[in-house]
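Below, each chain spelled out in residue letters.
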Amino acid sequence: QVQLVESGGGLVQAGGSLRLSCAASGSIFSINTMGWYRQTPGKQRELIAAITAGGSTKYADSVKGRFTISRDNAKNTVDLQMNSLRPQDTAVYYCNAKVRSSWWAPGKDYWGQGTQVTVSS
């Protein structure tokens, strides 16, 4: 089994910054893509940033230029630096990792428990 543990959410004023961190542990052979999603009540979970093991990144248009995703392959961690936060960034943020538990096993999606980010105006 694989566990993803997130940290770093909280309450911040508009224009402020927060840094989210996620650590993967357990039966890990390799991790392909790691990413951050967010979800608000009544809406689907949306991808906001992803990073491959090689360091290629992808961002949702709504966060480009404000958020930066990074990862440490040796530690199986992924971070999300969020700057210039807006009230519309308020959501529960989830860490995701596509993990192979052995060389012969296909990749499987794992999720963190979610961390609340609230941006006040």
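Read on for an overview of the structure.

Thresholds, definitions, all that
- Residues numbered from 1 in each chain as written.
- Predicted model: local features only at pLDDT ≥ 70, side-chain atom pairs only at ≥ 80, totals over all residues.
- Heavy atoms only, no water.
- Patch = residues over 30% accessible without salt bridge, like charges linked within 9 Å, V, L, I, M, F, W, Y side chains within 5 Å.
- Areas by Shrake-Rupley, 256 points an atom, 1.4 Å probe, with all protein chains shown as cover.
- Salt bridge = Lys/Arg side-chain N within 4 Å of Asp/Glu carboxyl O.
- Helix = DSSP H or I, 4+ residues; strand = E, 2+ residues; numbered from the N terminus.
- Buried < 20%, exposed > 50% of the residue type's maximum accessible area, 1.4 Å probe, protein only.
- Pairing = 2+ DSSP bridges.
- Axes fitted to C-alpha atoms, helices over the stretch in contact; angles between N-to-C directions.
- Contact = heavy atoms within 4.5 Å.

1. What about a nonpolar patch on the surface?
- Together, Phe 29, Trp 103 and Trp 104 line one region of the surface with nonpolar side chains, adding up to about 460 Å² of accessible area.
- Relative to the helices and strands, Trp 104 resides in the loop between strand 9 (91–100) and strand 10 (108–111).
- Residue classification places Trp 104 among the exposed positions, given a relative accessible area of 63%.

2. Remarks on the sheet that holds strand 3 (residues 18–26)
- The sheet built from 4 strands is open, its strands ordered 1-3-8-7 with antiparallel pairing. In this open sheet, the two strands that pair with only one neighbour each are strand 1 (2–7) and strand 7 (67–72). Strand-to-strand twist in this sheet, taken as the mean axis angle between neighbours without regard to direction, amounts to 15°.
- Across 6 bridges, the pairing between strand 3 and strand 8 (residues 77–82) is antiparallel. Counterpart to Ala 23 in the pairing with strand 8 is Thr 77.

3. Some points on the pattern of salt bridges
- Overall, the coordinates contain 6 salt bridges when judged by the stated rule.
- One salt bridge connects Arg 38 with Glu 46, and the closest N-O pair in it is separated by 2.9 Å.
- Accessibility expressed as a relative area gives 6% for Arg 38, which makes it buried.
- Where Lys 64 meets Asp 61, a salt bridge forms, and the shortest distance between an N and an O atom there is 3.2 Å.
- If you follow the salt bridges from partner to partner, you end up with Arg 38, Glu 46, Arg 66 and Asp 89 in one network.

4. Describing the environment of Ala 97
- The topology assignment puts Ala 97 in strand 9.
- For Ala 97 and Thr 77, which are 20 residues apart along the polypeptide, the C-alpha to C-alpha distance reads 9.7 Å.
- Not counting the four nearest positions on each side in its chain, Ala 97 is found in contact with Leu 4, Ile 31, Thr 33, Met 34, Lys 108, Asp 109 and Tyr 110.

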